[in-house]
Amino acid sequence: MWNAVIDCQVTAIRELNGGTVPADDEIYDAKGYLAVPQSCENDIHLDYANTAGVPRDNQSGTLFEANEIWRDRKKAGLNRPEEIKHNAPLAIRSCVEHGVGFIRSHAHVTELDLVASKVLLEMRDEVKEWCEIQVVAFPQIGIIVFRHGKELMEKAMSMGADVVGGIFTPGAYLRGRSGVFEFHLRPGAEAQCNDVMAAETTKRGMQGRVTVSHGVAMAYYPAGYLARLLPKLVESGVGFAIAKRENLQLRGRDSGVPAPRGVAPIRMLADRGISVAFSQDSICDPWYPIGDGNPVLDMDSGLHVGHMLTAQYIDRCLDFISFNPAANMGLQDSYGLEEGFLILGATSDREALRVQPRVLLSVHNGKAIFRQAAPAVEWKMG
């Protein structure tokens, strides 16, 4: 039986075999439930969180209308610092209540006042005792297309952003403008971008430091092209953060029959040993009107849409929301039970996938963040 010794902080995790316990220690009896590292959210937009319906709902449910709504929000002056300061912590707490201890959040930087970056950088420091946040300087409109894109990216990084983001377009690449990579030629910088960038990653020796978000274009690639691309992705060492629930909502519309799902070929990537993480991306915003930051729900839908309900993946399914995103986030040397752990109301990965268990205890950097009792059902019949 595994137990956590808790006072103000966790001092040990050990197997209890009838040994003595110091009188002042509190013992948490895990009752045979699963102890796993805290979950990681590899791709989310905290600066957009909890904005759905303001100034209006996305009636069509499309990406295009969502973009229009966000443009109208900006014109109406609705993206105020106080708005983000109110909405983002609600999203962070929702993620943490579902067992997340590490978050990589985009911050929109193609705006002259860099409101989102400033607020999320402040918030990163405010919550660091109970959740580690990495801030991505993300040019939603594009570094090149937006008039001051490069200068704003530089400013966001100098302010303390952890990761460089980008929207990498084929047209920009053909013109020799692989600008997003120019920001990584400094110690410790990493990349989080929204298209396939295997060639630039390998060329610049950035293996293990680049994450492809979504990868939705891969759903439309011909089989022959995909077969040529996959070995290059393996060579480049890029990781993937795939938000399949949001992609299912936004993609594949007006494409004729059969309509593509708009989700990257998850199983093809995982079968080749590529680090694939399942992520939330949005919580209640114009692009996705629901979501609560529950990584187990993301894992469930990802395995379903990826046709991965086989023993090979079911029995290590929690990797997709723990070790894989941790690797994508550069946490390999600072990730494990010592940095943060959960007691899940399940006894195996397989059971966790089947029952979507409650987080019974969450500990971050040795400090208990919250605990709750396992649900109890009292039968009156039978």
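Keep in mind that what you see is a predicted model, and the values were worked out from it rather than measured.

About the cut-offs
- The numbering scheme is per chain: residues are counted from 1 as the chain's sequence reads.
- Owing to the predicted nature of the model, reporting of local features is limited to residues with pLDDT of at least 70; listing and counting of side-chain atom pairs is limited to 80 or more, with chain, interface and lining totals taken over all residues.
- In computing side-chain properties, one takes all heavy atoms of the structure into account and sets aside hydrogens as well as water.
- Secondary structure is summarised from DSSP: a helix means a run of H or I of at least four residues, a strand means a run of E of at least two, and numbering begins at the N terminus for each.
- Helix span, as expected, comes to 1.5 Å for every residue beyond the first.
- Only protein chains enter the area calculation, which uses a 1.4 Å probe; residues under 20% of their type maximum are buried, those over 50% are exposed, and those in between are partly exposed.
- Note on definitions: a residue-residue contact is assigned when non-hydrogen atoms from the two residues lie within 4.5 Å.
- Between Lys or Arg on one side and Asp or Glu on the other, a salt bridge is scored when a side-chain nitrogen of the former is within 4 Å of a carboxyl oxygen of the latter.
- Charged residues are defined here as Lys and Arg on the positive side and Asp and Glu on the negative side; His and the ends of the chain fall outside this count.
- Note that the arc is computed from the directions linking the helix axis to the C-beta atoms.

Enquirer: Could you give an account of helix α3 (residues 115–126), naming the residues involved and the relevant values?
Expert: For α3, built from 12 residues, the straight-helix expectation of 16 Å at 1.5 Å per residue is met to within 8% by its first-to-last C-alpha distance of 17 Å. For α3, every residue scored as buried is listed here: V115, A116, S117, V119, L120, L121, M123 and R124. For α3, the elements touching its buried residues are α2 (81–97), β6 (100–108), β7 (132–138) and α4 (149–159).

Enquirer: Requested: an account of the pattern of salt bridges, with residues and values cited.
Expert: Summed over all chains, the structure comprises 16 salt bridges. A salt bridge links E83 to R80; its shortest N-O distance comes to 3.5 Å. The class for R80 is partly exposed, based on a relative accessible area of 32%. Via salt bridges that share partners, R73, R80, E82 and E83 belong to a single interconnected network.

Enquirer: Pulling in residues and values, what's your account of the environment of V359?
Expert: With respect to the helices and strands, the residue V359 is situated in strand β14 (residues 359–364). Sequence separation between V359 and I343 is 16 residues, and the spatial gap between their C-alpha atoms is 6.1 Å. Every residue in contact with V359, bar those within four places of it in the chain, is listed here: E97, H98, G99, L342, I343, L344, F370 and Q372.

Enquirer: Any chance you could break down the side chain of E41 for me, citing the residues and the numbers?
Expert: The residue E41 is located in strand β5 (residues 39–44) in this model. No salt bridge is formed by the buried E41; its nearest oppositely charged neighbour, K244, is found at 7.8 Å. Not counting the four nearest positions on each side in its chain, E41 is found in contact with V100, F102, I103, R104, S279, Q280, D281, D298 and M329.

Enquirer: Summarise helix α1 (residues 63–75); cite the residues concerned and give the values.
Expert: Compared with an ideal rise of 1.5 Å per residue, which puts 13 residues at 18 Å, α1 spans 19 Å between its outermost C-alpha atoms and is within 8% of the ideal. Within α1, burial applies to E65, A66, I69, W70 and R73. Viewed end-on, α1 has its buried residues packed into an arc of 140 degrees, placing them on one side of the element. Opposite the buried face of α1, at more than 90 degrees from it, the exposed residues are F64 and K75. Tucked into the core, α1 has its buried residues touching α2 and β6. Of the residues flanking the end of α1, it is G77, one or two places downstream, whose phi is positive at about 70 degrees.

Enquirer: Lay out unusual backbone geometry with the relevant residues and their values.
Expert: For the bond running from V54 to P55, omega is 10 degrees, close enough to zero to count as cis. Looking at the secondary structure, you find P55 in the loop between β5 and α1. One non-glycine residue, C284, adopts positive backbone phi at about 55 degrees. Along the polypeptide, C284 turns up in the loop between β12 (276–278) and α11 (295–305).

Read these as geometric descriptors, not functional statements.
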